[in-house]
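Each chain is listed here by its residues.
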Amino acid sequence: MEEVRYVAIGDSFTEGVGDELPDGRVRGWADLVAQGWADAAEHPVSYANLAIRGKLVWPIVEEQLEPALALRPTHLSFNGGGNDMLRPRTSISRVVSAFTHVLRRCDEEGVTLILLSGANPSGQLPLSRVIQRRGDLLSVAVTAAIADRDDVVRAFNWPDRELSSPPYWSADRLHMNSRGHHRVAARVLEALGMPAPAGWWSLPELPLAGVQGSAYYREHVGPWVRRRLTGTSSGDGRAAKHPVWAQVPPSGATE
């Protein structure tokens, strides 16, 4: 069987924020895809994840793409632009140019690109109409840019109305919870031609989490605004969780 070497680049969406394990580590859809891929193939998958929360799309490309390609992957997943959409001034064309740059470099290196759009949180956030409009424009522009590229694996989550509903989101309303990450992982696996594990499309709803009203703004919106005013990021000082290859064996495999 052909060896699979899968590397993921991106921001908090790909890092897995919102899908926290009991020991505090984040998991997320990319980790789940690596495990689901190994299970479907009945063979270990090499997996790396260079994503770091808080990154704008071009810093993702400038800081993560070449180190990812240096690992000589067979497959690379890319998503970005979610943090750009939250900024007061966003150039859709600049975001799209990052996607086309990643595609060009993957072509040059012979790497299969797995292209994702993020899930849509706009209905739950302040300035929801602005975020919705920008996300719609970005989705249309990226889709048009790869319209003639059947070789690009597409896992577009933005149009998924079910995924945009509150039961798939964590307390900050900006990051998906474990249920949301499993739904995204199911979409990626099926885009790769593999069946998703039973239930991943819609796990049982989790207990409602988070606060409402002014408490929500105090606990979640306020810190985000302060980071914007101070020019800091939630990813400052953080390292990638899987910067080198890790072997992911099929579930239940024994040494």
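Residues numbered from 1 in each chain as written. Predicted model: local features only at pLDDT ≥ 70, side-chain atom pairs only at ≥ 80, totals over all residues. Heavy atoms only, no water.

A.B. asks: Can you tell me about the packing of aromatic side chains, naming the residues and giving the values?
C.D. replies: Each pair of aromatic rings is reported with the distance of its centres and the angle of its planes. The final tally for this structure, using the stated rule, is four aromatic pairs. Each member of the aromatic cluster is reached from another via a ring pair, and the members are Tyr-6, Trp-37 and Tyr-47. A cation over an aromatic ring shows up here: Arg-179 above the ring of Tyr-168, its NZ or CZ 4.1 Å from the ring centre. (Phe/Tyr/Trp six-rings, centres within 6.5 Å; stacked < 30°, edge-to-face > 60°. Lys NZ or Arg CZ within 6 Å of the ring centre and 35° of its normal.)

A.B. asks: Could you give an account of the pairing of strand E3 (residues 75–78), with specific residues and numbers?
C.D. replies: Every second residue of E3 is oriented toward a common face, with His-75 and Ser-77 on one face and Leu-76 and Phe-78 on the other, all of them buried. Of the pairings in the sheet, the one linking strand E1 (residues 5–9) to E3 comprises four bridges and is parallel in character. Residue pairing across strands places Ile-9 opposite Phe-78, the latter belonging to E3. In terms of strand pairing, E3 meets strand E4 (residues 112–117) through four bridges, oriented parallel. By the bridge assignment for E4, Leu-76 is matched with Leu-113. (Buried < 20%, exposed > 50% of the residue type's maximum accessible area, 1.4 Å probe, protein only. Helix = DSSP H or I, 4+ residues; strand = E, 2+ residues; numbered from the N terminus. Pairing = 2+ DSSP bridges.)

A.B. asks: How would you sum up the pairing of E1? Please name residues and give values.
C.D. replies: Judged by how many residues are buried, E1 sits mostly within the fold: four of five residues are covered. Bridge count for E1 against strand E2 (residues 45–49) is four bridges, and the pairing is parallel. In the strand pairing of E2, Ala-8 is matched with Asn-49.

A.B. asks: Explain the sheet that holds E2 residue by residue, including any values.
C.D. replies: Strands sit in the order E5-E4-E3-E1-E2-E6 across an open sheet of six strands; the sheet is mixed. Every interior strand has two partners, whereas the edge strands, strand E5 (153–156) and strand E6 (242–248), have only one. Within this sheet the neighbouring strands show an average axis-to-axis angle of 20°, counted without direction. Sheet topology note: the E2/E6 ladder contains four bridges and is antiparallel. (Axes fitted to C-alpha atoms, helices over the stretch in contact; angles between N-to-C directions.)

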